[in-house]
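A structural walkthrough
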Amino acid sequence: FTTTNDLIKEGSSNYYKYAIGIKTGYTGAAKNCLVGGAEKDGVKLITVIFGANGWKELRTYTVNMFEYAFSILRAEPLTTSGSIVESITISNGVKGENTLNLLAENTLYATVHKMEDVDTSNPTIVFHETQKFKAPITQGTIVGTVSYDINGKTYTTNLIAGNSIEERETII
């Protein structure tokens with residue numbers, strides 16, 4: 001592919017191995033500009049540089065910002081896709097087979113300071129009102145969401161029924 005972004009051109013003297021691209025530009029007033037993106041160890045960053053005098057300056061400013069941020073930030077895993085977030089009992093399920101495992105649909109990460117402790121022990125779970133949590137429940141059904149509030153930002157993924165629950169027979 002062809003690009004004017006030297007940060008992602010392997011072999012370029014301005015190449016930066018963590019760069020993932022974005023957009024370059026130039027106008028007489030703004031000079032050389034770069035909206036740059038980089039990813040390292042799960043931390044994703046964006047920089048914006050205006051007014052640079054050529055690629056050497058763009059690279060220096062951009063890489064310095066990326067390296068500083070990578071040195072102080074980490075990607076904190078909140079939950080992983082397919083992991084059990086919670087298990088609940090379905091009251092009208094077949095006895096002994098009525099525990100429903102609620103699984104995270106997606107992996108969630110929060111970008112936090114490397115020295116920060118993150119508490120993921122109390123997620124907010126919201127069940128869909130249409131799902132009354134009565135059997136039968138089919139494995140793979142989206143039954144609600146799980147959210148983690150970290151530093152004022154909310155990270156959310158769907159909760160999936162990890163197993164099927166059959167309805168217990170009612171004898172009259």
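Since we're looking at a predicted model, the values are computed, not measured.

Basis of the calculations
- Residues numbered from 1 in each chain as written.
- Predicted model: local features only at pLDDT ≥ 70, side-chain atom pairs only at ≥ 80, totals over all residues.
- Heavy atoms only, no water.
- Helix = DSSP H or I, 4+ residues; strand = E, 2+ residues; numbered from the N terminus.
- Polar contact = N/O pair within 3.5 Å; in protein donor to acceptor, adjacent residues only side chain to side chain.
- Contact = heavy atoms within 4.5 Å.
- Buried < 20%, exposed > 50% of the residue type's maximum accessible area, 1.4 Å probe, protein only.

Moving on to the side chain of Thr 79. If you trace the backbone, Thr 79 turns up in strand β4 (residues 73–79). In terms of polar contacts, Thr 79 uses its side chain to reach the side chain of Ser 83, at 3.0 Å.

Looking at the secondary structure, you find Thr 107 in the loop between β6 (99–104) and β7 (108–113). Contacts of Thr 107, omitting those with residues within four sequence positions, involve Thr 79, Thr 80 and Ser 81. From its side chain, Thr 107 meets the backbone nitrogen of Ser 81 in a polar contact 2.9 Å long.

For the bond from Ala 135 to Pro 136, the omega torsion is 5°, close enough to zero to count as cis. The backbone phi angle of Asp 41 is positive, close to 50°, even though this residue is not glycine. Residue position: Asp 41 is located in the loop between β2 (31–40) and β3 (43–52). Even without a glycine there, the phi angle at Asn 151 is positive, about 50°. Within the element layout of this structure, Asn 151 appears in the loop between β9 (142–150) and β10 (153–161). By relative accessible area, which is 56% here, Asn 151 ends up exposed.

The analysis is restricted to geometry; functional conclusions fall outside its scope.
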